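Now for the letters of each chain:
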Amino acid sequence: MTLRGRKKGEAVPQGVVVRLPIYFRYLTELESAGVERIASAQLGEALDFTAAQIRSDLSYFGSFGQQGYGYNVSELLQQVKQILGLQRVYSMVLVGAGNLGKAIGSYEGFRKQGFDLKAIFDIDPHLIGNHHAGCVIRSLDELPEYLKENQTDIGIIATPKEAGQSVCDIFTAGGVPSIWNYSPTNLTVPDEVIVEDMHLTDSLLRLAFRLNERGFGGSSV
């Protein structure tokens, strides 16, 4: 795959990064349905993007499709998988075995895409020693030693706000290069560590804003 329109080391715009998983998900659906090819206009209509936007997004990574033919669905899906790094397996460690953490750990779709949950940690003595998602829930005190002995690509934080930063510090001290943060706090990390925040309340607040903007729902307080 030859890079075009992007110099080596040049950052891909965040908007493009946000849309890549959308392309991946829809192309996966098309391939499963037996669709062999699709035009950028059709792809744009299905995803509510413009055809020009799709072509521009993909141009950051190479030359795809043929004039008058469109995109071969299976070939484009494989290219998007490669762009997203889904040709390898990522090891994950989860801290927080409450309701949210258990829901994250139970989702089989992660493993199918190459995200392998290797260990779960918590501070609750009632949870430690129990099994969940194929893992024994361990004491958080064991996490530093675990990280010394096991390569970990992604650290997942599903703890209350007050514990988020301290867990993050353990991950970064242990050399974990990326954090998937479900804790409702803004983490401070070294420049080289990647953080993806998943603040669930923020999404709900955006939904409330849109409802309020249209005059729907709720009762006065």
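Placed above this text is the structure.
These figures come from a predicted structure and were not determined experimentally. (Residues numbered from 1 in each chain as written. Predicted model: local features only at pLDDT ≥ 70, side-chain atom pairs only at ≥ 80, totals over all residues. Heavy atoms only, no water.)

Further remarks concern the environment of M92. Among the secondary structure elements, M92 is positioned in strand β3 (residues 90–95). Distance from M92 to F115, taken between C-alpha atoms, is 6.8 Å for residues 23 residues apart in sequence. With sequence-adjacent residues up to four places away left out, M92 is seen in contact with F110, F115, D116, L117, K118, A119, T152, I154 and I156. (Helix = DSSP H or I, 4+ residues; strand = E, 2+ residues; numbered from the N terminus. Contact = heavy atoms within 4.5 Å.)

On to the pairing of strand β6 (residues 135–139). Sheet topology note: the strand β4 (residues 115–122)/β6 ladder contains three bridges and is parallel. Across the sheet, residue D122 finds its bridge partner in β6, namely S139. Note that strand β5 (residues 131–132) and β6 share two bridges and pair antiparallel. Among the inter-strand pairings, H132 is bridged to a residue of β6, identified as C135. Between the antiparallel neighbours β5 and β6 lie two residues, among them A133 with a positive phi of about 55 degrees. (Pairing = 2+ DSSP bridges.)

The sheet built from seven strands is open, its strands ordered β5-β6-β4-β3-β7-β8-β9 with mixed pairing. Single-partner strands in this sheet number two, and they are β5 and β9 (194–197). Where strand β8 (residues 178–181) lies against β9, four bridges are found, and the strand directions are parallel. Looking at β9, one finds that S178 is bridged to I194.

For the structure on display, the rule yields five salt bridges. Note that D116 is salt-bridged to R111, the shortest N-O span being 3.2 Å. Here D116 falls in the buried class, since its relative accessible area comes to 18%. According to the relative accessible area criterion, R111 is partly exposed, its value standing at 36%. Taken together, the shared-partner salt bridges connect E108, R111, D116 and K118 into one network. (Salt bridge = Lys/Arg side-chain N within 4 Å of Asp/Glu carboxyl O. Buried < 20%, exposed > 50% of the residue type's maximum accessible area, 1.4 Å probe, protein only.)

Before going further, it helps to spend a moment on the packing of aromatic side chains. Inspection of every chain in the model, using the stated rule, returns six aromatic pairs. Their ring planes at 70 degrees and their centres at 5.0 Å tell us that W180 and Y182 sit as a pair that is edge-to-face. By the burial criterion, W180 is buried, and Y182 matches it. Linked through ring pairs, Y107, F110, W180 and Y182 together constitute an aromatic cluster. The ring of F49 has R19 sitting right over it, with the charged end atom 6.0 Å from the ring centre. (Phe/Tyr/Trp six-rings, centres within 6.5 Å; stacked < 30°, edge-to-face > 60°. Lys NZ or Arg CZ within 6 Å of the ring centre and 35° of its normal.)

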